[in-house]
Amino acid sequence: MKDEGFNRKACEISGYESLWVEFKTSGYPRKLRKEWDAAEGDALLEIILRYVEGWNLIDVEGKTITLTPERPASLLDNAEDSVVVWLIRAFQGFWLWELTQPRKNSSPPSTITSLAE
């Protein structure tokens, strides 16, 4: 995906390459790990949905899935199962791996200035 941001993840599922999700880049408390470990089924999806800033997802009929303020797990009830699994993997990779790594500097190197005259 062109100009993919640090927090934007493109779907790798064949036929769904135009789909993407953007996750929040902060606000992941330590207690989230305990909550994640204790969660099952829809509770996992509800955790993920709290950290989604935006997305382009479609259901099995090709209709756009609108991200609502309430964000119940049922938003994904008519999504392709492989896309939901991708969303879970994308969140885990972003939260548990990418957020803990140093980010690449996106600014060009600064010019060296001379203090001596």
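None of the values given here were measured: they were computed from a predicted structure. (Residues numbered from 1 in each chain as written. Predicted model: local features only at pLDDT ≥ 70, side-chain atom pairs only at ≥ 80, totals over all residues. Heavy atoms only, no water.)

A.B. asks: What should I look at first to understand the sheet that holds strand β3 (residues 52-56) in this one?
C.D. replies: Strand order across the open sheet formed by 3 strands is β1-β2-β3, with antiparallel pairing between neighbours. Both outer strands of the open sheet, β1 (8-10) and β3, are each paired with one neighbouring strand and no more. Between one strand axis and the next, the sheet turns by 15 degrees as a mean value, whatever way the strands run. Relative to β3, strand β2 (residues 20-23) runs antiparallel, the two sharing 4 bridges. (Pairing = 2+ DSSP bridges. Helix = DSSP H or I, 4+ residues; strand = E, 2+ residues; numbered from the N terminus. Axes fitted to C-alpha atoms, helices over the stretch in contact; angles between N-to-C directions.)

A.B. asks: Explanation requested: the pattern of salt bridges in the structure shown.
C.D. replies: It is possible for side chains of opposite charge to pair when their charged atoms get near one another. With the rule as written, the count across this model stands at 5 salt bridges. Here E35 ties to R50 by a salt bridge, and the two come within 2.8 Å at their closest N and O atoms. On the criterion of sequence distance, the pair formed by E35 in helix α1 (residues 31-38) and R50 in helix α2 (residues 42-50) is long-range, its members being 15 residues apart. Among the residues examined, R50 registers a relative accessible area of 37% and is labelled partly exposed. For E61, the salt bridge identified is with K63, shortest N-O distance 3.5 Å. Assigned by exposure class, E61 and K63 land together as exposed. (Salt bridge = Lys/Arg side-chain N within 4 Å of Asp/Glu carboxyl O. Buried < 20%, exposed > 50% of the residue type's maximum accessible area, 1.4 Å probe, protein only.)

A.B. asks: Would you explain the nonpolar core in this entry?
C.D. replies: Here is a general trend for soluble globular proteins: nonpolar side chains tend to be buried in one another's company. By size, the foremost hydrophobic cluster in this structure holds 32 residues, and its most contacted members are F23, W55, L76 and W86. Elements that contribute at least two residues to this core include exactly β2, α1, α2, β3 and α3 (81-96). The element best represented in this core is α3, accounting for 8 residues. For L76, the residues in contact, after removing those within four places along its chain, are L45, L49, W55, L57, V84 and L87. (Core = buried A, V, L, I, M, F, W, Y, C linked by side-chain atoms within 4.5 Å. Contact = heavy atoms within 4.5 Å.)

A.B. asks: Hey, could you run me through the packing of α1 against α2 in this one?
C.D. replies: Each pair of packed helices can be described by the angle between their axes along with the distance between the axes. Between α1 and α2, whose axes approach to 9 Å, the crossing angle comes to 150 degrees. What the angle tells us is that α1 and α2 run roughly antiparallel. Two packed elements cross with a definite hand, and for α1 against α2 that hand is left-handed. Across the interface between the two elements, L32, E35 and W36 of α1 pack against L44, I47, I48 and R50 of α2. Each residue belonging to the contact of α1 with α2 can be placed in one class, and the counts come to 5 nonpolar, no polar and 2 charged. (Parallel < 35°, antiparallel > 145°, perpendicular 65-115°, else oblique. Left-handed = near helix turned anticlockwise from the far one by under 90°. Nonpolar A, V, L, I, M, F, W, Y, C, P; charged D, E, K, R; others polar.)

A.B. asks: For this particular structure, what's the right way to read α2?
C.D. replies: Since the α-helix turns once every 3.6 residues, residues separated by three or four places project in the same direction. Within α2 the residues assigned to the buried category are L44, L45, I47, I48 and L49. The secondary structure elements touched by the buried residues of α2 are β2, α1, β3 and α3.

A.B. asks: Teacher, can you tell me more about the packing of aromatic side chains here?
C.D. replies: Describing an aromatic ring pair means giving the distance of the ring centres and the angle of the ring planes. Applying the stated criterion across every chain, the model contains 9 aromatic pairs. Ring geometry for Y28 and Y51: centres 4.4 Å apart, planes at 20 degrees, overall stacked. Here Y51 lies in the loop between α2 and β3 and Y28 lies in the loop between β2 and α1, a separation of 23 residues in the sequence. Look at Y28 and you get buried, because its relative accessible area is 18%. Its relative accessible area of 6% is what places Y51 among the buried residues. Among the aromatic residues, ring-to-ring pairing joins F6, F23, Y28, W36, Y51, F91, F94 and W95 into one connected group. Positioned above the aromatic ring of W20, the side-chain terminus of R8 is 3.6 Å from the ring centre. (Phe/Tyr/Trp six-rings, centres within 6.5 Å; stacked < 30°, edge-to-face > 60°. Lys NZ or Arg CZ within 6 Å of the ring centre and 35° of its normal.)

Read these as spatial facts, not as claims about activity.
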